[in-house]
Amino acid sequence: MRNATRYSCLASLLLALSITGCSTLEYYIQAVAGHLDIISHRKPIAMLIEQPETPKNLKQKLSRVLQIRKFATQELGLPDNGSYTGYTDVDRPYVVWNVVATPELSMIPKTWCFPIAGCVSYRGYFSHEKAKLFAHTLRQRGYDVAITGVRAYSTLGWFKDPILNTVIHYSDPELASLIFHELSHQMIYISDDSIFNESFATVVEQEGTRRWLENTGHPDAIIPYQTKKRRQQTFISLIMNYRDLLSEIFGANQPDDWKRAQKQILFGHFKKEYKKLKHQWNGDSTYDAWMSRNLNNAHFASTGTYYHYVPVFQTLLADHQ
């Protein structure tokens, strides 16, 4: 009955949005249809574990998801609801593709506003083709654009979000991090503030995973997890440092052509510094795919969204234990 009420609300929302224009209505239709397709194919994890036809490796992963879910509610105080107690196979590598855009000479991302989520610095599509078409229209308007495949997302507690095939192959620490991150959005979500929301969830994810590893008696996994996170933080710090340098260039009282030239020079320096990092990490290629793209402002802006306030939240966490 609760879901039926929500479906009715979604239908009413679409009718209300129809007055805002065809392009807006089309976007909402794909978003609603994409999510309804996911939850309509959701199967209870407990049922899948009991079914003999469920592959053994999938059963093991699904069992671990329920264990992580229990830890999240009992030890971390995260929402105790039906999220991540079901499983859906979306038959694709990503569940959604986010489009981020910035002006050519600015690090401030373009934002879009929605009735429930508020204003956010990306626009998500359940179809890669539709994401690419939208990105193309933004590029034609002169924006720097990045398309990022996303393996999971949260409906902020409005629906019972399932765990997806796009993430079920993750290692146990990665699965725990994902579930803690997404449940954090259901606990605290500030409308119109993507940077706050993602930074908060990132800190809960990191601290929660550390506690989970200690609690489950996997000391052998803590060091590799912490090493991975330290490298991640180092890489992100590098990105954010160059994001700030780019902002300084764009704010300088200089001609646009000078700014464009300096922008490309900075991208070159950034790639050289990454090579040094990779050498220090004994050839770790984790971020090679990120670096292989034709980098632009949008790539740097989207990373800052997730980590801008992380140091502040880490300090608060340490102060209050």
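Residues numbered from 1 in each chain as written. Predicted model: local features only at pLDDT ≥ 70, side-chain atom pairs only at ≥ 80, totals over all residues. Heavy atoms only, no water.

Trainee: Report on the sheet that holds strand β7 (residues 143-150), specifying residues and quantitative values.
Mentor: Each strand in a sheet pairs with its neighbour through backbone hydrogen bonds, running either in the same direction (parallel) or in the opposite one (antiparallel). Sheet architecture is open: 3 strands sit in the order β6-β3-β7, paired in antiparallel fashion. A single partner strand is all that each edge strand has here, and the edge strands are β6 (123-125) and β7. Across the sheet, the mean angle separating the axes of adjacent strands is 25° when strand polarity is ignored. Across the sheet, helix α5 (residues 128-140) is in contact with β3 (96-103), β6 and β7; its angle to β7 comes to roughly 165°. (Pairing = 2+ DSSP bridges. Helix = DSSP H or I, 4+ residues; strand = E, 2+ residues; numbered from the N terminus. Axes fitted to C-alpha atoms, helices over the stretch in contact; angles between N-to-C directions. Contact = heavy atoms within 4.5 Å.)

Trainee: Give a detailed account of the nonpolar core, specifying residues and quantitative values.
Mentor: Grouped together as the largest cluster of nonpolar side chains are 34 residues, with contacts concentrated most on L62, Y87, I163 and F180. Looking at this core, the elements that each hand over two or more residues are α3 (45-50), α4 (56-74), α6 (172-187), α7 (194-215), α8 (219-251) and α12 (310-320). Contact partners of L62, with chain neighbours within four places excluded, come to I45, L48, I49, Y87, I163 and I168. Listed in part, the 21 residues of the second largest apolar core include L238, I249, Y274 and F300. (Core = buried A, V, L, I, M, F, W, Y, C linked by side-chain atoms within 4.5 Å. Buried < 20%, exposed > 50% of the residue type's maximum accessible area, 1.4 Å probe, protein only.)

Trainee: Report on α6, specifying residues and quantitative values.
Mentor: In an α-helix there are 3.6 residues to a turn, and that puts residues three or four apart on one side. With 16 residues, α6 extends 23 Å between its outermost C-alpha atoms, agreeing within 8% with the 22 Å of an ideal straight helix rising 1.5 Å per residue. The element α6 is largely enclosed, with a buried count of 13 among its 16 residues. (Expected span 1.5 Å × (residues − 1).)

Trainee: Explain the environment of H269 residue by residue, including any values.
Mentor: Along the chain, H269 falls in helix α9 (residues 256-280). Separated by 27 residues in the primary sequence, H269 and Y242 have C-alpha atoms spaced 9.2 Å apart.

Trainee: An account of the pairing of β3 is requested, with residue identities and associated values reported.
Mentor: Judged by how many residues are buried, β3 sits mostly within the fold: 7 of 8 residues are covered. Where β3 meets β7, 8 bridges bridge the pair, whose relative direction is antiparallel. Opposite P103, over in β7, you have Y143 as the bridge partner. Alignment of β3 against β6, held across 3 bridges, turns out to be antiparallel. Across the sheet, residue W97 finds its bridge partner in β6, namely Y125.

Trainee: Residues and numbers for the packing of α7 against α8, please.
Mentor: With their axes 10 Å apart at the nearest point, α7 and α8 run at an angle of 165° to one another. Taken together, α7 and α8 sit at an angle that is classed as roughly antiparallel. For the element pair α7 and α8, the recorded crossing hand is left-handed. Packed against α7, whose contacting residues are E205, Q206, T209, R210, L213 and E214, the element α8 presents A221, I222, Y225, Q226, K229, Q232 and Q233 at the interface. Within the contact of α7 with α8, the residues separate by chemical class into 4 nonpolar, 5 polar and 4 charged. (Parallel < 35°, antiparallel > 145°, perpendicular 65-115°, else oblique. Left-handed = near helix turned anticlockwise from the far one by under 90°. Nonpolar A, V, L, I, M, F, W, Y, C, P; charged D, E, K, R; others polar.)

Trainee: Go over the packing of α4 against α7 with me, naming the residues and quoting the values.
Mentor: At a minimum axis distance of 11 Å, the contact between α4 and α7 shows a crossing angle of 110°. Classified by the interaxial angle, the pair formed by α4 and α7 is roughly perpendicular. Between α4 and α7 lies a crossing whose hand is right-handed. Taking contact as the criterion, the partners of R64, I68 and F71 in α4 are, on α7, G208, R211, W212 and N215. Residue composition of the contact of α4 with α7, grouped by class: 3 nonpolar, 2 polar and 2 charged.

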